[in-house]
There are 2 protein chains.
Amino acid sequence: MLEWLKEPEINFPDQLQHAGFEHGVCVGQIQAKAGLTQSTVSEYLSILQRAGFIESKRVGQWTYYKRNEGAFEALSKLIQSNL
Amino acid sequence: MLEWLKEPEINFPDQLQHAGFEHGVCVGQIQAKAGLTQSTVSEYLSILQRAGFIESKRVGQWTYYKRNEGAFEALSKLIQSNL
DNA sequence: CAAATATATCGACTTTTCCCGATATACCAA
DNA sequence: TTGGTATATCGGGAAAAGTCGATATATTTG
């Protein structure tokens, strides 16, 4: 999922029908591509959010998730320095 | 354990009594510090080895493990580029 | 070879993680 | 307000990971 969110336009072309990608990709789109249930995907996304890897933005009935690039940079650096 | 192996001299001073650190630290030393059973530590180390994070060198009845720094560098870069 | 020491492997049990269906909540439209 | 759609939360069963004791293997020493 994290890789998918690097290129929303390529990995979630269907979303264009009702929104752009400014705020990221909505749960339903990710769920469809993941092939897991809605509840599983929702929980997974909230875990990634609590971990700081993605950010969420509620717009109407949709929740959009997008990557927090800083977290990946930080993780990479953490592995370099601490591990 | 991976962090411990960054500074063997500091984290495993007892090993000096029978060997240096050229090949790393032996299982018994790591086990004592970890506070887990011998079998658990042995299995854990072999997993880390299969994953490429440490290397082992058998010397007599001892098996020494040391870090493979390249693997950490590679992981850091992987996160930067692929994730 | 026999005993002692260090490590590895095996089987079982416990804990954690994964994933689901059911249900709750939030928002929108008529 | 009622019904429809999107997402979140909850409780439980299945799968995986963690840990142990017992035992096997390898090596050294007498």
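The present account deals with the structure reproduced in this document. Since the structure is predicted, the reported quantities are computational estimates derived from the model, not experimental observations. (Residues numbered from 1 in each chain as written. Chains lettered and ligands numbered in written order. Predicted model: local features only at pLDDT ≥ 70, side-chain atom pairs only at ≥ 80, totals over all residues. Heavy atoms only, no water.)

**Examining the sheet that holds strand 3 (residues 62-67) of chain A**
Okay, step 1: The strand order across the open sheet built from three strands is 1-3-2 (chain A), with neighbouring strands paired in antiparallel fashion. Of all strands in the sheet, those bounded by a partner on one side alone are strand 1 (25-26) and strand 2 (54-59) of chain A. (Pairing = 2+ DSSP bridges. Helix = DSSP H or I, 4+ residues; strand = E, 2+ residues; numbered from the N terminus.)

**So, the protein's contact with DNA strand D**
Okay, step 1: Around DNA strand D, a shell composed of 17 residues is seen, among which Gly28(A), Gln38(A), Ser39(A), Ser42(A) and Ser39(B) lie nearest.
Okay, step 2: Counting only atoms of DNA strand D within 4 Å of the protein, the fraction found in sugar and phosphate groups is 58%.
Okay, step 3: In this structure, a sugar or linking oxygen belonging to DNA strand D sits 3.0 Å away from a side-chain N or O atom of Thr63(A).
Okay, step 4: The separation between a base oxygen of DNA strand D and a polar side-chain atom of Ser39(B) is 2.9 Å.
Okay, step 5: Elements represented by at least two residues in the surface near DNA strand D include exactly helix 2 (27-34), helix 3 (38-50) and strand 3 of chain A together with helix 3 (38-50) of chain B.
Okay, step 6: Its residues assigned to classes, the surface near DNA strand D shows five nonpolar, eleven polar and one charged. (Near = heavy atom within 4 Å. Polar contact = N/O pair within 3.5 Å; in protein donor to acceptor, adjacent residues only side chain to side chain. Nonpolar A, V, L, I, M, F, W, Y, C, P; charged D, E, K, R; others polar.)

**Here's the deal with the interface of chain B and chain A**
Okay, step 1: Facing the twelve residues of chain B at the interface are 13 residues of chain A.
Okay, step 2: Note on chain B versus chain A: buried area summed over both sides is about 1100 Å², and carbon and sulfur give 56% of it.
Okay, step 3: Among the residues chain B hides against chain A, the three largest losses belong to Ser76(B), Ile79(B) and Leu83(B). Together they make up 44% of the total.
Okay, step 4: On the surface where chain B and chain A come into contact, there are zero salt bridges.
Okay, step 5: Linking chain B with chain A are five residue pairs in polar contact (both at pLDDT 80 or more).
Okay, step 6: Tallying contributions element by element places helix 4 (residues 69-81) of chain B first for the side of chain B that touches chain A, with six residues. (Contact = heavy atoms within 4.5 Å. Buried area = accessible area lost by both parts, 1.4 Å probe. Salt bridge = Lys/Arg side-chain N within 4 Å of Asp/Glu carboxyl O.)

Structural measurements only, silent on function.
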